[in-house]
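Secondary and tertiary structure notes
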Amino acid sequence: MGKSKTPKRPGAASGPYDRKPGAKATANTNIFKFDKDFGQHILKNPGISDAIVEKAYLKPTDVVVEVGPGTGNITVRALEKAKKLIAIELDPRMGAEVTKRVQGTPLAKKLEVILGDVIKMPEIPPCDALISNTPYQISSPLIFKMLAMPNPPRVAVLMFQREFAKRLVAKPGDALYSRLSVNVNFWATCKHIMKVGKQNFKPPPKVESDVVRIEPLLGSARPNIAFEEFDGLLRIAFNRKNKTLRAAFAPKEIIGMCERNYKVYCSINNIPIDESLADISVGDEDLMMDSGDVEMDIDGDDDAQEKDEEAGGLDDEDEDMPAFFKEVGEDAKDKDAKTPSRNPKSKVGLIVRAKIAKVLNATGLAEKRSRQCDQNDFLKLLLAFHEEGIHFS
Ligand code: SAH
C-alpha cells in the first residue's frame, strides 16, 4: 500500500509528532519508526479493521476495551459503534496519535486512553467487548488475563499470529494441544473468523495471522470453580504433557506446593493434621510415590521428542506465562528447600502423597497423558482433588 514518506530535506520534520501542516495522522503517514519490540504492526488494510469491528457485533450501549490502538485504525471504527472505548496503549507516541486522530470529532468524548502495559495492570477494565490486533508478545497473558476476569466481556475479537490461533482451537491429541487450549475451551467458546496475510500490515510481520472470536461463558454458564485452581492443575499436568499424570505429580516441588496448600486448607477448616493422617490406610501407602523420581523418566518415554517440541515452542507455555504464574513456580522451588516435603517421612508429606495417589487411581487417570486428556478429565480430576482437600492455588 502506498505511503507518504517524510521528505528528507533541511528543515523537514524531525520529531515523531512534527508533521507538515495539513498532513493527516493516518497509518499511512510515516510519522515515526514502528517499534517491533512492542509488536507494532499497523493494519493498513481498512477491510480487515472493518471486519474485526463488525465481528464483535457491538451495541450502542457497549463499553469496549482495545489493547494496543496504535494509530487508531480499529479504534475509530469501534468508536462509531459503541458507547465508549477504553484504549490501553504501551507506547506514549501511539497514545498521542490515537488521541489526535479523533480530536475535534464527536468520537473524542467517547475515547479514553490509558497509557501502560495491559499485562501489568491489576485487571482489564470491565467491558462488554475486547478487541485487539494483539502484540504477539502478550497473546497468551492477555487471554489468561481476560479469562480470569470475574466478569469477562461478552465477546473478544482478537488477531493473533497463526500458530497461536491454532493452539486456541487445538483438540486433545493435536500437536498444538496445550494448557492454553484447555483453558480457553473450558471458560469460553472460540471460533476462527478469518485468515489475514502478512502483507496487510506495516511493517509486515514474519508470519501470517488469524482473527478469532472468543465468547467467554457468562453468568450461570460459567463453571463454578476458581480460575486459579483449574489453571493451577493444568500447569502441573502440562509441565510435561507427554508424560502420564502420575509422573506429572511426582516432582518434589509439586508435592511441596500441594503440601503447603494442604496445611492452609486444614488450618482454615480446623482440621487437625493428625486426624486426616488416620484416613490413610496401610494399603494407600503402596500408592505413594517416591519423591526421588523427579528427574526420572517414569513412564519410560523417549524424552527427546518432548524436548524437541518444547524447543520448537509447541509446548512452551512458560515463555508467555503471566509473571504471577512463573513466580508461583519459582517460589515453590525456593520454599521447597525449607519444606518438610523433602523428608519423605514428613507426616503432611505422607498424607499429601497418599491423597494424590488415591485421586489419580480413583479417577482412572494416573496412566493417562495430559496431551490426551479432555476438559472433562481435568474437571473430574480437580473435583476429586478438592474432595481430598488438595488445592493448587
Ligand atoms: N491496533 C493498531 C496497532 C496494532 S500494533 C492496528 O491494528 O493498526 C500493536 C500495538 O500494541 C502497538 O501500538 C503497541 O505499542 C501496543 N502494545 C504493545 N504491547 C502492549 C502492551 N503490553 N499493552 C498495551 N499496548 C501494547
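Residues numbered from 1 in each chain as written. Predicted model: local features only at pLDDT ≥ 70, side-chain atom pairs only at ≥ 80, totals over all residues. Heavy atoms only, no water.

**Comments concerning the overall build of the protein chain**
Scanning the protein chain from terminus to terminus reveals 15 helices and nine strands. Considering only residue pairs separated by 6 or more positions, the protein chain has 74% of its internal contacts joining residues 24 or more positions apart. Counting only carbon and sulfur atoms, one obtains 52% of the accessible surface of the protein chain, whose full area is about 18,500 Å². (Helix = DSSP H or I, 4+ residues; strand = E, 2+ residues; numbered from the N terminus. Contact = heavy atoms within 4.5 Å. Areas by Shrake-Rupley, 256 points an atom, 1.4 Å probe, with all protein chains shown as cover.)

**Observations concerning the site of the ligand**
Looking at the ligand, there are 23 residues lining it, with Gln-40, Gly-68, Glu-89, Asp-117 and Asn-133 nearest. In the model, an oxygen atom of the ligand is placed 2.8 Å from a nitrogen or oxygen of the Gln-40 side chain. One of the backbone nitrogen or oxygen atoms of Leu-43 is found 2.9 Å away from an oxygen atom of the ligand. Those elements that provide at least two residues to the shell around the ligand are β1 (42–43), α2 (73–81) and β3 (84–89). For the shell around the ligand, the class distribution of residues is eleven nonpolar, eight polar and four charged. (Near = heavy atom within 4 Å. Polar contact = N/O pair within 3.5 Å; in protein donor to acceptor, adjacent residues only side chain to side chain. Nonpolar A, V, L, I, M, F, W, Y, C, P; charged D, E, K, R; others polar.)

**Concerning the sheet that holds strand β7 (residues 188–196)**
With respect to topology, seven strands assemble into an open sheet ordered β4-β3-β2-β5-β6-β9-β7, the strand pairing being mixed. Taken across any chain shown, the strands that pair with only one partner, and hence form the sheet edges, are β4 (111–115) and β7. If you compare each strand with its neighbour and ignore which way they point, the axes differ by 20 degrees on average. In the sheet, strand β2 (residues 63–67) pairs with strand β5 (residues 129–133) via three bridges, with the strands oriented parallel. By the bridge assignment, Val-64 is partnered in β5 with Ala-129. On top of the sheet, helix α3 (residues 92–102) reaches β3 and β4; it is set at about 170 degrees to β4, its chief contact. (Pairing = 2+ DSSP bridges. Axes fitted to C-alpha atoms, helices over the stretch in contact; angles between N-to-C directions.)

**What about unusual backbone geometry?**
Here the amide bond leading from Lys-202 into Pro-203 is cis, since omega sits at -10 degrees, within 30 degrees of zero. By secondary structure assignment, the location of Pro-203 is in the loop between β8 (201–202) and β9 (209–216). One non-glycine residue, Tyr-57, adopts positive backbone phi at about 45 degrees. In this structure, Asn-270 is a non-glycine residue whose phi angle is positive, near 55 degrees. When you line up the elements, Asn-270 lands in the loop between α9 (252–268) and α10 (273–277).

**What about the nonpolar core?**
Counting residues in hydrophobic clusters, the biggest one holds 67 residues, and the most contacted among them are Leu-168, Ile-214, Phe-378 and Phe-385. Apart from the residues lying within four places of it in its own chain, the contact partners of Phe-385 are Leu-233, Phe-249, Ile-356, Val-359, Leu-360, Ile-390 and Phe-392. Residues Ile-74, Leu-85, Ala-87 and Val-98 belong to the second largest nonpolar core, which totals 29 residues. (Core = buried A, V, L, I, M, F, W, Y, C linked by side-chain atoms within 4.5 Å. Buried < 20%, exposed > 50% of the residue type's maximum accessible area, 1.4 Å probe, protein only.)

**Looking at the packing of aromatic side chains**
Under the definition given, this model contains twelve aromatic pairs. With 5.0 Å between their ring centres and 85 degrees between their planes, Phe-186 and Trp-187 make a pair best called edge-to-face. Both rings, one in Trp-187 and one in Phe-230, keep their centres 6.2 Å apart while their planes meet at 80 degrees; by these two values the pair is edge-to-face. In this pair, Trp-187 sits in helix α6 (residues 179–187) while Phe-230 sits in helix α7 (residues 227–237), placing the two residues 43 residues apart along the sequence. (Phe/Tyr/Trp six-rings, centres within 6.5 Å; stacked < 30°, edge-to-face > 60°.)

**Quick notes on the packing of α9 against helix α14 (residues 347–362)**
For the pair α9 and α14, interaxial distance at closest approach is 9 Å and the crossing angle is 105 degrees. Between α9 and α14, the crossing angle belongs to the class labelled roughly perpendicular. Here Ile-255, Cys-258, Glu-259, Tyr-262 and Lys-263 of α9 lie close against α14, whose contacting residues are Val-348, Gly-349, Ile-351, Val-352, Arg-353, Lys-355 and Ile-356. (Parallel < 35°, antiparallel > 145°, perpendicular 65-115°, else oblique.)

**Remarks on the environment of Phe-238**
Position of Phe-238 relative to the elements: it lies in the loop between α7 and α8 (245–248). The exposure class assigned to Phe-238 is buried, which follows from its relative accessible area of 4%. For the pair Phe-238 and Tyr-177, spaced 61 residues apart in the sequence, the C-alpha separation amounts to 9.6 Å.

**Some thoughts on the UniProt feature "binding site: S-adenosyl-L-methionine" (unreviewed entry) in the protein chain**
Under the UniProt annotation, "binding site: S-adenosyl-L-methionine" (unreviewed entry) lies at His-41, Leu-43, Gly-68, Glu-89, Asp-117 and Asn-133. For Leu-43, the location among the structural elements is in strand β1. A relative accessible area of 5% means that Leu-43 is categorised as buried. With respect to the secondary-structure elements, Asn-133 resides in strand β5. Ignoring anything within four residues of it in the chain, the contact list for Asn-133 reads His-41, Leu-43, Val-67, Ile-74, Met-159 and Phe-201. (UniProt positions renumbered as here; feature names shortened; annotations may be inferred.)

**What about the environment of Ala-188?**
With respect to the secondary-structure elements, Ala-188 resides in strand β7. Look at Ala-188 and you get buried, because its relative accessible area is 3%. As for Ala-188 and Pro-216, which are separated by 28 residues in sequence, their C-alpha atoms are 3.9 Å apart.

**Let's talk about the pattern of salt bridges**
On inspection of all chains with the given rule, the structure shows eleven salt bridges. In this structure, Lys-84 engages Glu-112 in a salt bridge whose closest nitrogen and oxygen atoms are separated by 2.9 Å. Taken as a pair, Lys-84 in strand β3 and Glu-112 in strand β4 lie far apart in primary sequence, 28 residues in all. A residue is classified by how much of its surface remains accessible, and Glu-112, at 31% relative accessible area, is partly exposed. When the shortest N-O distance is used, the salt bridge between Arg-93 and Asp-91 registers 3.0 Å. (Salt bridge = Lys/Arg side-chain N within 4 Å of Asp/Glu carboxyl O.)

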